[in-house]
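Take a look at the letters that make up each chain.
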Amino acid sequence: MAIEWSGSTPELLLPLERGGGTSLRAQLLSGLREAIRDGRLHEGERLPSTRELSRQLGVSRGLVQECYGQLLAEGYLVTRGGSATRVAPGSARPAADAAPTAPPPPGSRHVQALIADFRAGVPDLASFPRGDWAWAVRETCRTAANADLDYGDPRGSVVLRQVLAGYLRRVRAAEADPDRIVVSTGFAQGLVVALRALTGADVRRVAFEDPGYGATEVEEIVRAVGAPRLEAVHVPVDEQGVDVEALESSGAQAVVVMPAHQSPTGVVLSARRRNELVAWARRHDGYVVEDDYDSEFRYDREPVGVVQGLAPERVFTIGTVSKTLAPAVRLGWVLAPGRFADRVAEEKLISDRGSSALDQLALAALLESGRYDRHLRRMRAVYAGRRATLVDALARHARHVRVSGLAAGFHAVAHLPASADERAVVAAAAGRSVGLYPMADHRALPGPNAPQLVLGFGLVGERAIETGIATVADLLH
């Protein structure tokens with residue numbers, strides 16, 4: 001599909017050698033032909049007007065008109081009365097000359113679901129508060145100081161960090177100081193810069209929950225941090241959260257946990273385990289990296305504060321707006337222990353010189369104005385309705401399937417019969433245009449495991465939930 005440039009088209013790079021042995025006319029004709037044949041100018045794309053191209057190249061307009069006329073005669077260009085000159089259909093080189101399209105990666109988890117896609121970890125993108133975000137961006141552009149447009153502090157905008165500190169103290173019971181917050185480009189970067197800061201303090205072994213990010217994702221994290229400086233081990237999760245006894249015997253110096261709503265199991269770290277985890281960190285000079293990813297969406301339980309509030313000198317808390325707003329916003333934060341804040345900021349500086357200051361100020365405006373909390377309240381109601389629909393649909397169509405992990409967030413775990421094959425169920429559901437996802441993708445530890453599915457309801461509406469479960473109900477028995 002050709003790009004429809006609004007107004008004047010961008011300049012067209014066509015180097016001309018003056019004083020050489022080849023005429024300007026021949027060079028211009030050759031340059032335009034090659035730009036079309038090589039695909040630099042796509043089929044249907046508008047060329048600059050003869051007046052504009054002559055100005056850009058510093059040649060006479062008559063020369064450009066002559067070249068356009070020749071290419072029209074050769075079939076490279078087309079024009080209609082009162083319309084721009086465009087690249088003609090079929091004028092590029094045959095597709096065989098182009099590089100082959102890379103096949104999708106093996107084991108790709110994403111299904112083109114025509115009925116329902118129960119992919120976890122993605123919020124309702126259609127509910128992104130476009131009007132509020134546009135208001136915040138306009139306010140930012142209207143009020144931002146010139147200095148705000150510079151590279152600035154690698155920690156991030158001081159305005160956003162002050163607002164975040166107040167927000168985290170009130171909403172998450174964190175011990176938050178703006179100087180210990182570093183704004184990141186989402187959770188993944190926050191985790192990598194935090195772990196790099198820890199490796200700089202001679203932390204060499206980090207534990208990850210299992211099930212959790214999964215073996216492949218953990219390998220990618222370790223590679224981004226810098227193997228072999230960092231070794232990953234896995235510790236199991238049970239109905240109370242991370243197994244601290246297993247963590248004790250793992251030899252890990254740091255652990256990455258999801259206390260408020262573990263992904264994918266949905267377990268909330270119990271009060272006893274929280275205290276045990278903090279005691280482990282203090283006893284072993286260890287550190288906890290806390291993924292506080294969707295704590296805002298809770299239903300039938302009391303609010304749970306961050307572990308960081310119990311041991312701010314031992315815990316990194318990483319948050320993001322990828323689940324509350326949308327992944328495309330690409331903003332998160334690391335609340336670091338005091339001795340690590342400068343190191344995390346240095347790693348952020350090395351990584352990318354800082355996240356978008358304008359987007360940071362827009363987020364600060366959303367938070368301060370109350371529009372962010374208003375959006376959260378609306379989305380809690382939306383997800384609560386979908387949660388109830390999912391539970392009801394399973395109860396009616398697959399009543400033998402137990403559901404857990406529903407205390408918060410927007411995904412649940414469906415426990416299949418012991419004889420079920422997770423991947424076979426997923427494959428069969430894909431054949432019926434329903435996207436289901438196996439718990440196996442989140443596991444790294446070997447051994448027999450009960451068959452389970454991770455059912456996200458962030459992206460799928462109530463009607464599609466009902467239809468999707470009814471479509472695959474027989475597969476779940």
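Residue positions are counted from 1 within each chain, in the order its sequence is given. Restriction of local features to residues with pLDDT of at least 70 applies here, the model being predicted, together with a cutoff of 80 or more for giving and counting side-chain atom pairs; totals for whole chains, interfaces and linings are based on all residues. With hydrogens and water excluded, all non-hydrogen atoms of the structure serve as input to the side-chain values.

## A short note on the overall build of the chain
Turning to step 1, where the next piece is worked out: Where helices and strands are cited, they refer to DSSP runs of H or I of at least four residues and of E of at least two residues respectively, numbered from the N terminus. Helix and strand content of the chain: 14 helices and 15 strands.
Turning to step 2, where the next piece is worked out: Summarising its shape, the C-alpha atoms of the chain cover approximately 85 × 55 × 45 Å along the three principal directions.
Turning to step 3, where the next piece is worked out: Each residue's exposure class comes from its accessible area (1.4 Å probe, protein chains only) as a fraction of the maximum for that residue type: buried when under 20%, exposed when over 50%, partly exposed otherwise. Buried residues in the chain amount to 49% of all 477 residues.
Turning to step 4, where the next piece is worked out: A contact between two residues is defined here by any heavy atoms of the two lying within 4.5 Å. Long-range contacts, defined as pairs at least 24 residues apart, comprise 77% of the intrachain contacts of the chain with a sequence gap of at least 6.
Turning to step 5, where the next piece is worked out: Each accessible area value is a Shrake-Rupley result obtained with a 1.4 Å probe; residue values ignore everything except the protein chains displayed when judging cover. Accessible area of the chain: about 22,300 Å², with a carbon and sulfur share of 51%.
Turning to step 6, where the next piece is worked out: Under this rule, positive means Lys or Arg and negative means Asp or Glu; His and the chain ends count for nothing. By convention, the point assigned to a charge is CZ for Arg, NZ for Lys, CD for Glu and CG for Asp. Put simply, the chain has 56 plus and 57 minus side-chain charges, and the middle of one group is 4 Å from the middle of the other.

## Things to note about helix H9 (residues 271-283)
Think of an α-helix as turning once every 3.6 residues; residues three or four places apart then point the same way.
Turning to step 1, where the next piece is worked out: Here a helix's expected span is defined as the number of its residues, less one, multiplied by 1.5 Å. Spanning 13 residues, H9 covers 18 Å between terminal C-alpha atoms, matching the ideal 18 Å at 1.5 Å per step.
Turning to step 2, where the next piece is worked out: When we look at burial in H9, the residues that qualify are Arg273, Arg274, Leu277, Val278, Trp280 and Ala281. With its buried residues spanning 155° around the axis, H9 presents them on a single face. Of the residues in H9, the exposed ones pointing more than 90 degrees away from the buried face are Ala271 and Arg283. Within this analysis, the arc is defined by the directions that extend from the helix axis to the C-beta atoms.

## Remarks on the sheet that holds strand S15 (residues 452-456)
Turning to step 1, where the next piece is worked out: What the three strands build is an open sheet, ordered S12-S13-S15; its pairing is antiparallel. In the strand order of this sheet, the two ends are held by strand S12 (402-404) and S15, each with one partner. Between one strand axis and the next, the sheet turns by 30° as a mean value, whatever way the strands run.
Turning to step 2, where the next piece is worked out: In the sheet, strand S13 (residues 411-415) pairs with S15 via five bridges, with the strands oriented antiparallel. DSSP calls a pair of strands paired once it identifies at least 2 bridges connecting them. Between N-to-C directions, angles cover 0 to 180 degrees, with each direction set by a line fitted to C-alpha atoms, over the stretch in contact for helices.

## With respect to the confidence of the model for the chain
Turning to step 1, where the next piece is worked out: For every residue, the pLDDT score states the predictor's confidence, bounded by 0 at the bottom and 100 at the top. Chain-level pLDDT for the chain is 91 on average; 94% of the residues reach the 70-or-more range.
Turning to step 2, where the next piece is worked out: For the stretch residues 101-111, pLDDT sits under 50, and the model shows 10 contacts to residues farther than four places along the chain or on other chains.

## Quick look at the packing of aromatic side chains
Turning to step 1, where the next piece is worked out: The criterion for an aromatic pair is that two Phe, Tyr or Trp rings (for Trp, the six-membered ring) have centres within 6.5 Å, with stacked assigned to planes under 30 degrees apart, edge-to-face to planes over 60 apart and tilted to the rest. Tallying each qualifying case throughout the model produces 10 aromatic pairs.
Turning to step 2, where the next piece is worked out: Pairing phenylalanine 297 with tyrosine 383 gives two aromatic rings, centres 5.1 Å apart and planes at 90°, and the pair type is edge-to-face. Here phenylalanine 297, found in the loop between strand S9 (287-291) and strand S10 (315-320), pairs with tyrosine 383, found in helix H12 (residues 371-397); they are 86 residues apart in sequence, far enough to count as distant.
Turning to step 3, where the next piece is worked out: In this structure phenylalanine 297 comes out as buried when scored by relative accessible area, which is 1%.
Turning to step 4, where the next piece is worked out: Ring geometry for tyrosine 383 against phenylalanine 410: centres 4.8 Å apart, planes inclined by 40°, an arrangement best described as tilted. Here the residue tyrosine 383 occupies a position in helix H12, and phenylalanine 410 occupies one in the loop between S12 and S13, the gap between them amounting to 27 residues. In terms of burial, tyrosine 383 and phenylalanine 410 fall into one category: buried.

## Digging into the pattern of salt bridges
Turning to step 1, where the next piece is worked out: The salt bridge criterion pairs a side-chain nitrogen of Lys or Arg with a carboxyl oxygen of Asp or Glu, the two atoms within 4 Å. This structure, assessed with the given rule, holds 23 salt bridges.
Turning to step 2, where the next piece is worked out: For aspartate 153, the salt bridge identified is with arginine 161, shortest N-O distance 3.4 Å.
Turning to step 3, where the next piece is worked out: Using a relative accessible area of 34% as the deciding quantity, one classes aspartate 153 as partly exposed.
Turning to step 4, where the next piece is worked out: A salt bridge links arginine 283 to glutamate 248; its shortest N-O distance comes to 2.6 Å. Of the two residues, arginine 283 sits in helix H9 while glutamate 248 sits in helix H8 (residues 244-250), which places them 35 residues apart along the sequence.
Turning to step 5, where the next piece is worked out: By relative accessible area, which is 32% here, glutamate 248 ends up partly exposed.
Turning to step 6, where the next piece is worked out: One network of salt bridges, with partners in common, ties together Asp238, Arg272, Arg273 and Glu276.

## Topic: the pairing of strand S6 (residues 231-238)
One face of the sheet, then the other: side chains in a regular strand alternate in exactly this way.
Turning to step 1, where the next piece is worked out: When strand S5 (residues 205-210) meets S6, the two strands line up parallel, connected through six bridges. Each bridged residue has a counterpart across the sheet, and for arginine 205 the counterpart in S6 is glutamate 231.
Turning to step 2, where the next piece is worked out: Direction of pairing for S6 relative to strand S7 (residues 241-242): antiparallel, over a ladder of two bridges. Residue pairing for S7: valine 237 is matched across the bridge by valine 242.
Turning to step 3, where the next piece is worked out: Once S6 ends, the chain turns through two residues before running back antiparallel as S7.

## Considerations on the nonpolar core
Turning to step 1, where the next piece is worked out: Buried Ala, Val, Leu, Ile, Met, Phe, Trp, Tyr and Cys residues that are joined via side-chain atoms within 4.5 Å together make up what is termed a nonpolar core. Ranked by internal contacts, the top residues of the largest apolar core, which has 59 residues, are Phe118, Leu436 and Leu476.
Turning to step 2, where the next piece is worked out: No other element matches the seven residues that H12 contributes to this core.
Turning to step 3, where the next piece is worked out: In contact with leucine 436, not counting residues within four places along its chain, are Phe118, Val425, Val426, Ala429, Leu453, Leu455, Val472 and Leu476.
Turning to step 4, where the next piece is worked out: Among the nonpolar cores identified, the runner-up in size contains 31 residues, and Val256, Val334, Phe340 and Val344 belong to it.

## Considerations on the pairing of strand S11 (residues 332-335)
Turning to step 1, where the next piece is worked out: Where burial is concerned, the two faces of S11 agree: the one with Gly332 and Val334 and the one with Trp333 and Leu335 are both buried.
Turning to step 2, where the next piece is worked out: Sheet topology places strand S4 (residues 181-184) next to S11; four bridges connect them, and they run antiparallel. Across the sheet, valine 183 pairs through a bridge with tryptophan 333, a residue of S11.

## A look at the side chain of threonine 320
Turning to step 1, where the next piece is worked out: Positionally, threonine 320 belongs in strand S10.
Turning to step 2, where the next piece is worked out: Of the residues examined, threonine 320 reaches a relative accessible area of 5% and is grouped as buried.
Turning to step 3, where the next piece is worked out: Within the structure, threonine 320 has its side chain in polar contact with the backbone nitrogen of serine 322 (distance 3.0 Å).
Turning to step 4, where the next piece is worked out: Between N or O atoms, a polar contact is any pair within 3.5 Å; within protein, one atom must be a potential hydrogen donor and the other a potential acceptor, and residues adjacent in sequence are included only when both atoms are from side chains. Among the polar contacts listed, one links the side chain of threonine 320 to the backbone oxygen of leucine 331, at a separation of 3.3 Å.
Turning to step 5, where the next piece is worked out: Every residue in contact with threonine 320, bar those within four places of it in the chain, is listed here: Gly186, Phe187, Leu331, Gly332 and Trp333.

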